Amino acid sequence: MQRRIFISYRRSDAREAALQLHDELSSRGFDVFLDTHDIRPAKAFQETLWHRLSDCDVTIMLDTKDYFGSKWTAQELGRSQALGIQILRVVWPNHGGSRHLSLSDSVTLSDGDLDASGRLRLALLPIIARRAEALRSRSIATRHLDLVGRLKNEVTRIGGQFEGIGAYRSVSLTLPLGRRLEAYPMVGVPTAEMLNDIQAKAGKAGHGRFPCLVYNHIGIRPTWIEHLQWLDEQISTVRTLKVSDAGWDLVEWDEK
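The following refers to the structure shown. (Residues numbered from 1 in each chain as written. Predicted model: local features only at pLDDT ≥ 70, side-chain atom pairs only at ≥ 80, totals over all residues. Heavy atoms only, no water.)

So, about the overall build of the chain. Of the regular secondary structure elements, the chain holds 8 helices and 10 strands. The dimensions of the chain, computed from C-alpha atoms along their principal axes, are 65 × 35 × 30 Å. Here the chain, with 256 residues, has 49% of them falling under the buried criterion. Of all intrachain contacts in the chain linking residues separated by at least 6 positions in sequence, the fraction that spans at least 24 positions is 67%. (Helix = DSSP H or I, 4+ residues; strand = E, 2+ residues; numbered from the N terminus. Buried < 20%, exposed > 50% of the residue type's maximum accessible area, 1.4 Å probe, protein only. Contact = heavy atoms within 4.5 Å.)

In structure tokens, the structure reads:
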């Protein structure tokens, strides 16, 4: 399983520390998103950034005094919260931390934790990495539960039955006209590999239900969603389902 982290920061305030964290976390096996490293010039910058954010488990917020001086960092934080991503706040020295925030965890820096160039004290790097790892599993669990809850609401709204959790954290469903499904809520951006994995799991489980991958499409690039739709047309034994559209789409599935 990938361990994905998004670093949110003001370049004018925390560029050196962000680069330092990128290298440290990458060396520990994390897949780290840093805007200066991970978006090619030809790509649509903001669209790609939101796509990568939606696929991350933890956001590390470098909370400098002017963090909210940019609308982009404010949006990165707000959209992390909207997606249910756990947030590790690293608070700069002599800064009380941004107000009105309910975040997952924090590391507060003192004057000696940054050198004149803005680099972090080396001893802090493993501490931040451990805090991020601890938040990662909580983030995945929280987002998975949110998907399950939203799916349950959609299915019961159209008169279907939510029958409980099965193997591999799948969810057994029966639609109003009797079609039986096994839904696999997946956190992040769905891939063809995930669909193949679900197909294999469904075969091993032997439940006889039609398998589907349930996901939150918010933030995912439109071209990627088109790719998923194309996969649905090519693979008849498993499908993808946007959780926000589940009730609407499952009514049509029930007729097949």
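That covers the picture; the talk isn't over yet.
Attention now moves to the nonpolar core. Grouped together as the largest cluster of nonpolar side chains are 28 residues, with contacts concentrated most on Ile7, Leu21, Ile60, Leu62 and Leu120. Elements with a minimum of two residues in this core: strand S1 (4-8), helix H1 (11-27), strand S3 (58-63), strand S4 (86-91) and helix H5 (124-157). For Leu62, the contacting residues outside a window of four places in its chain are Ile7, Ser8, Tyr9, Ala14, Ala17, Ala18, Leu21, Tyr67, Val90 and Trp92. By size, the runner-up hydrophobic cluster in this structure holds 17 residues, among which are Val155, Leu173, Leu181 and Leu241. (Core = buried A, V, L, I, M, F, W, Y, C linked by side-chain atoms within 4.5 Å.)

Okay, the side chain of Thr73 next. By the secondary structure assignment, Thr73 is in helix H4 (residues 71-83). Engagement of the side chain of Thr73 in a polar contact is seen with the backbone oxygen of Ser70, the distance being 3.0 Å. (Polar contact = N/O pair within 3.5 Å; in protein donor to acceptor, adjacent residues only side chain to side chain.)

On to the sheet that holds strand S6 (residues 161-165). With respect to topology, 5 strands assemble into an open sheet ordered S6-S7-S8-S9-S10, the strand pairing being mixed. Of all strands in the sheet, those with a lone pairing partner are S6 and strand S10 (239-242), marking the two edges. Across the sheet, the mean angle separating the axes of adjacent strands is 30 degrees when strand polarity is ignored. The pairing of strand S9 (residues 210-215) with S10 spans 4 bridges and is classified as parallel. If you follow Tyr215 over to S10, its bridge partner there is Lys242. Across the face of the sheet, helix H7 (residues 222-234) comes into contact with S9 and S10 while running at roughly 140 degrees to S10. (Pairing = 2+ DSSP bridges. Axes fitted to C-alpha atoms, helices over the stretch in contact; angles between N-to-C directions.)

With that out of the way, let us pick up the sheet that holds S3. The 5 strands lie next to each other as S2-S1-S3-S4-S5, forming an open sheet whose pairing is parallel. The strands lining the two open edges of the sheet, one partner per strand, are strand S2 (31-33) and strand S5 (105-108). Pairs of neighbouring strands in the sheet enclose a mean axial angle of 20 degrees, with direction left out of account. Seen against the sheet, H1 touches S1, S2 and S3 and runs at an angle of roughly 150 degrees to S3. Helix-sheet contacts for H5 involve S1, S3, S4 and S5, and the interaxial angle to S4 is about 155 degrees.

This part is about the packing of H5 against helix H8 (residues 246-253). Interhelical geometry of H5 versus H8 gives an angle of 50 degrees and a closest axis separation of 8 Å. Taken together, H5 and H8 sit at an angle that is classed as oblique. Relative to H8, H5 is oriented so that their crossing is right-handed. Contacts between H5 and H8 involve Leu151, Glu154 and Val155 on the former and, on the latter, Ala246, Gly247, Trp248 and Leu250. (Parallel < 35°, antiparallel > 145°, perpendicular 65-115°, else oblique. Left-handed = near helix turned anticlockwise from the far one by under 90°.)

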